[in-house]
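Understanding the architecture of this molecule
Spelled out from the first residue to the last, the chains are:
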Protein chains: 2
Amino acid sequence: MKIALDAMGGDFAPQAAVAGALLAAEELAGRATIVLIGQEDAVRPLLQAAGPAGAALEFVPATQIIEMAEHPAKAFQQKQDSSIAVGYKLLLAGEVDAFCSAGNTGAMLVGAMFTVKAVPGVIRPAIANFVPKLKDKFGILLDVGANAECKPEMLEQFGELGSLYAQYVLGIAEPKVGLVNLGEEEGKGTPNTQAAHQLLKANPHIHFVGNIEGRDMFNEKADVVVCDGFTGNILLKMAESIYEMMDKKQIHDPFFDKFNYEAVGGSPILGINDNAIIGHGRSTPLAICNMLVQGYNMADSGIVDQIKATFKS
Amino acid sequence: MKIALDAMGGDFAPQAAVAGALLAAEELAGRATIVLIGQEDAVRPLLQAAGPAGAALEFVPATQIIEMAEHPAKAFQQKQDSSIAVGYKLLLAGEVDAFCSAGNTGAMLVGAMFTVKAVPGVIRPAIANFVPKLKDKFGILLDVGANAECKPEMLEQFGELGSLYAQYVLGIAEPKVGLVNLGEEEGKGTPNTQAAHQLLKANPHIHFVGNIEGRDMFNEKADVVVCDGFTGNILLKMAESIYEMMDKKQIHDPFFDKFNYEAVGGSPILGINDNAIIGHGRSTPLAICNMLVQGYNMADSGIVDQIKATFKS
């Protein structure tokens, strides 16, 4: 299997990207090869410096970089030889099995929509994020930012996408799906969440457990938590900031340490025809490594085929 | 000054309410008298057991109770001799200066709208909540649940209401006002938050600092953080759950301990013609005491007159 990494993506690229790729190559030895995509001048010397470990990685040149602050759609279309555009070309051509980047999130989304495209039947793909659970390892929360506003039908589909991911990638049998809301009762929330509640409840493909309040995010009420990208993005960033504040105060605990984004490394885009993962801009080598391992697990699970089969009907 | 308390409100009423009232009476001695409202049979014996301290509290009977699960508007209208309805009657009549309850939140809101009413010019009052700040003591977040959906004009007004509260009750000169959003840039978010951003920016009564991301909730970027009640409610409950998990794990720290709702005791309703505060259902005596002290501070600050003057123009 081949897992591709945007070597130019992230605040500490290419150094952190290459270092993370080397870690992942060791971890995935015998199972997958890491393919680095980026500017030759920047990446080659780092690979050479790593000796035989560096030589074990594949390298594909890309002359351009999409910067963090660039307009995603414009940059993606204008920079067809950027590391992100080249990564998606490889993915579309079937030359790699997953593509990961800690670069421009919007460009990663736009790239997915323009190249591998949304799975037929999926209204809008979503970005999923891992949520630490008190008893189990992780649950997932989606959408965390691809769609600020969501129609009820989109929220319903996020429930299906998240449920499939939890089942096939996280290995949770019959995952419990919950809807973020301001009260437990069925009639709570906005007209949108009320309608989404009814759709999720009636959906035969998922095990819907009802509304999930802010206080139930980390307990065992639901494995898959569904919300619009506005709410999800704010929840996610707040949770991350809590970990950072604890870390600064040197408060550590096995549960709260799972809030560290480095532990999972990236957020999969669900509902597209291939495996793509978006990493944190600040990704460290450990985060990059875990993102690549997650990319491998995702590709290995066959989750995309499961999603295609579910939305075909 | 007289601060009224619903003695029947909250999961541990009337015991926790009376115990909290006794604490507050001590704290506010010489400045305010606590007025307990509730069922004679339930409250009198507790006051008698407290001896002279109990005798120093005033008591107003109310024969009915609005239960936590009751439909707010229906219950408020049907139970005109409930402790919440009697509390608002005293407030409207000017017999007390603030009314606090840890009972049915919806009934507290409905009661406010039916009796003391919204300040003319205020589209919809909001519930505000205290937010722990890393450097300063607290900022405030509003709305946290009175209005699940908010028009841009409502979010703008929340900025004004919160700014006045921060200034007159928290003593923050020129409070910084921020808008919860999924990115810092002006154009980010839903059409609603984009429009609210422009209104807040143009408002001459406040010091608007722009969008606030989930990660900036607890730092010094803003003293007043504005959002719709859906988002605010979920943020608030998630923050509370984090404190609870830390507390269970016996992780304590001066900053994170400020996440304990007991430290502030309640959430003021802003934009009504009087001082009303809603407490947590699980309120302990300490929480009740702090809610009453907050009620005193609010009444003492003259915040309602400031709000009336601002919205008159």
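Residues numbered from 1 in each chain as written. Chains lettered and ligands numbered in written order. Predicted model: local features only at pLDDT ≥ 70, side-chain atom pairs only at ≥ 80, totals over all residues. Heavy atoms only, no water.

Where we set the bar: UniProt positions are given in the numbering used here, feature names are shortened, and annotations may be inferred rather than shown by experiment.
Going by an unreviewed UniProt entry, chain A carries the name Phosphate acyltransferase and comes from Hymenobacter sedentarius. Quoted verbatim from the Pathway (unreviewed entry) heading of the UniProt record, the comment on chain A is "Lipid metabolism; phospholipid metabolism." As stated in UniProt under Sequence similarities (unreviewed entry), the record for chain A gives "Belongs to the PlsX family."

1. Considering the relation of the copies chain A and chain B
The criterion, for reference: To line up the copies, we fit them by least squares on C-alpha atoms, keeping just the residues with pLDDT of at least 70 in both. In this analysis, two residues are considered to be in contact whenever any of their non-hydrogen atoms come within 4.5 Å of each other.
With an RMSD of 0.0 Å, the operation that places chain A on chain B is a rotation of 180° combined with a shift of 0.0 Å along the axis. In the structure described here, the two chain copies are related by an operation that fits a two-fold rotation axis. Taken as a fraction of all interface residues of chain A, those also at the interface in chain B reach 97%, which identifies the copy contact as same-surface.

2. Examining the pairing of strand 8 (residues 207–212) of chain A
Residues and elements named next belong to chain A. The cut-off we apply is this: Strands are labelled as partners when DSSP assigns at least two bridges between them. Elements are defined by DSSP. Helices are runs of H or I of four residues or more, strands are runs of E of two residues or more, and each kind is numbered from the N terminus. If you view a crossover with the strands going away from you and the path from the first strand over the helix to the second runs clockwise, you call it right-handed.
Pairing of strand 7 (residues 176–180) with strand 8, which is carried by five bridges, proceeds in the parallel orientation. Bridge pairing links Lys176 to His207 in strand 8. Tracing the backbone out of strand 7, into helix 8 (residues 191–202) and back to the parallel element strand 8 gives a crossover that is right-handed.

3. Here's the deal with the sheet that holds strand 10 (residues 266–270) of chain A
Residues and elements named next belong to chain A. Note the following rule: A fitted line through C-alpha atoms serves as each axis, taken over the contacting stretch for helices, and the angle formed by two N-to-C directions is quoted from 0 to 180°.
Within the open sheet, the eleven strands sit side by side as 3-2-1-4-11-10-5-6-9-7-8. Their pairing is mixed. A strand with exactly one partner marks an edge of an open sheet, and here the two such strands are strand 3 (58–61) and strand 8. Mean inter-strand twist for the sheet, computed between neighbouring axes without regard to direction, equals 25°.

4. Structural notes on the pairing of strand 7 (residues 176–180) of chain B
All names here are of chain B. Stated formally: Relative accessibility under 20% of the residue-type maximum defines a buried residue, over 50% an exposed one, and the middle range a partly exposed one, all with a 1.4 Å probe and only protein chains included.
For strand 7, the tally of buried residues reaches four of five residues, placing the bulk of the element in the interior. The pairing of strand 7 with strand 9 (residues 224–226) spans three bridges and is parallel. Residue Val177 lies in a different strand from strand 9, and its bridge partner there is Val224.

5. Observations concerning the environment of B:Glu149
Residue placement: B:Glu149 occurs in the loop between strand 6 (138–142) and helix 7 (152–168). Residues B:Glu149 and B:Asn192, spaced 43 residues apart in sequence, show a C-alpha to C-alpha distance of 9.8 Å. Setting aside residues no more than four positions away along its own chain, B:Glu149 makes contact with A:Thr190, A:Pro191 and B:Met154.

6. Focus on the packing of aromatic side chains
Residue and element names in this part refer to chain B. For the record, the criterion: Working definition: rings of Phe, Tyr and Trp (its six-membered ring) pair if their centres are within 6.5 Å, and the pair is stacked with planes under 30 degrees apart, edge-to-face with planes over 60 apart, and tilted otherwise.
According to the stated counting rule, one finds 20 aromatic pairs over all chains in the structure shown. Plain terms: the ring middles of Phe76 and Phe114 are 6.1 Å apart, the flat faces sit at 70° to each other, and that makes the pair edge-to-face. Here Phe76, found in helix 4 (residues 72–78), pairs with Phe114, found in helix 6 (residues 105–114); they are 38 residues apart in sequence, far enough to count as distant. When its relative accessible area of 42% is taken as the criterion, Phe114 is described as partly exposed. A centroid spacing of 5.0 Å and a plane angle of 55° characterise the contact between Phe218 and Phe259, whose relative ring orientation is tilted.

7. Some details on the sheet that holds strand 2 (residues 33–38) of chain B
All names here are of chain B. Reading across from one edge, 3-2-1-4-11-10-5-6-9-7-8 is the order of the eleven strands in this open sheet, with mixed pairing throughout. Each edge of the open sheet is held by one strand with a lone partner, namely strand 3 (58–61) and strand 8 (207–212). Shown here is a sheet whose adjacent strand axes are inclined to one another by a mean of 25°, direction ignored. With five bridges connecting them, strand 5 (residues 126–132) and strand 6 associate as antiparallel partners.

8. Brief notes about the interface of chain A and chain B
This is how it is decided: In short, buried area is how much 1.4 Å probe accessible area vanishes from two parts on joining, totalled over both. Counted as salt bridges are all cases of a side-chain nitrogen of Lys or Arg within 4 Å of a carboxyl oxygen of Asp or Glu.
Opposite the 34 residues of chain A that make contact, chain B presents 33 residues. Carbon and sulfur atoms supply 79% of the area that chain A and chain B bury against each other, a total of about 3,200 Å² over both sides. A per-residue breakdown of the area chain A buries against chain B is headed by A:Leu182, A:Phe230 and A:Met238, which together make up 21% of the total. Between chain A and chain B we count four salt bridges in total.

9. Let's talk about helix 1 (residues 15–27) of chain A
All names here are of chain A. Spelled out, the test is: The span you would expect from a helix comes to 1.5 Å times its residue count less one.
Taking 1.5 Å per residue, 13 residues should reach 18 Å; helix 1 reaches 19 Å between its end C-alpha atoms and fits that length. The set of residues buried in helix 1 consists of Ala16, Ala17, Val18, Gly20, Ala21, Ala24 and Ala25. Looking at the buried positions of helix 1, the neighbouring elements they touch are strand 1 (2–6), strand 2 (33–38), helix 2 (40–49) and helix 10 (285–301).

10. As for the pattern of salt bridges
A full pass over the atoms with the stated rule returns 20 salt bridges over all chains. B:Lys79 is paired through a salt bridge with B:Glu70; the nearest N and O atoms lie 2.7 Å apart. Judged by its relative accessible area of 25%, B:Glu70 falls in the partly exposed class. Between B:Lys221 and B:Glu184 there is a salt bridge; the shortest N-O distance is 2.6 Å. In this pair, B:Lys221 is assigned in the loop between strand 8 and strand 9 and B:Glu184 in the loop between strand 7 and helix 8 (191–202), connecting sequence segments 37 residues apart. Of the residues examined, B:Glu184 reaches a relative accessible area of 43% and is grouped as partly exposed. Several salt bridges converge on common partners, so that one network encompasses A:Glu184, A:Asp216 and A:Lys221.

11. A few points about the state of the cysteines
Residues and elements named next belong to chain A. The criterion, for reference: Working definition: a disulfide is two cysteine sulfur atoms within 2.5 Å of each other.
Counted by the stated rule, this structure contains zero disulfides over all chains. For Cys100, which is in no disulfide, the shortest distance to another cysteine sulfur is to Cys289 and amounts to 11 Å. Cys227 supplies the cysteine sulfur nearest to Cys150, a cysteine that is in no disulfide, at a spacing of 7.9 Å. Among the residues examined, Cys150 registers a relative accessible area of 6% and is labelled buried.

12. With respect to the domain arrangement of chain A
Residues and elements named next belong to chain A. Test applied: What fixes the domain bounds is an automatic or database domain assignment. Pairing of N or O atoms within 3.5 Å defines a polar contact, subject to two protein rules: one partner must be a possible hydrogen donor and the other a possible acceptor, and residues neighboring in sequence count only if both atoms are side-chain atoms. All residues other than Ala, Val, Leu, Ile, Met, Phe, Trp, Tyr, Cys, Pro, Asp, Glu, Lys and Arg, Gly among them, are scored as polar; the first ten of these are nonpolar and the last four charged.
Here chain A is partitioned into domain 1 (1–122 + 271–313) and domain 2 (124–260). Each of domain 1 and domain 2 has a C-alpha centre, and the two are 25 Å apart. Each partner contributes residues to the interface: domain 1 has 20 residues there, and domain 2 has 15 residues. Taken together, the two surfaces of domain 1 and domain 2 that pack against each other cover about 1,500 Å², and 71% of this comes from carbon and sulfur. At the boundary of domain 1 and domain 2, one finds one salt bridge. The tally of links from domain 1 across to domain 2 stands at four residue pairs in polar contact (both at pLDDT 80 or more). Broken down by element, the side of domain 1 that touches domain 2 gets its largest block of residues, five residues, from helix 11 (residues 303–312). Partitioned by chemical class, the residues of the side of domain 1 that touches domain 2 number ten nonpolar, nine polar and one charged.

13. Re unusual backbone geometry
Here the amide bond leading from A:Leu142 into A:Asp143 is cis, since omega sits at 0°, within 30 degrees of zero. Here A:Asp143 lies in the loop between strand 6 (138–142) and helix 7 (152–168). With phi around 70°, A:Lys117 is a residue other than glycine that occupies positive phi space. Looking at the element boundaries, A:Lys117 is found in the loop between helix 6 (105–114) and strand 5 (126–132). Judged by relative accessible area, which is 45%, A:Lys117 ranks as partly exposed. You will see that B:Glu174, though not glycine, has its phi angle at about 45°, which is positive. By the element assignment, B:Glu174 lies in the loop between helix 7 and strand 7. For B:Glu174, a relative accessible area of 58% translates into the label exposed.

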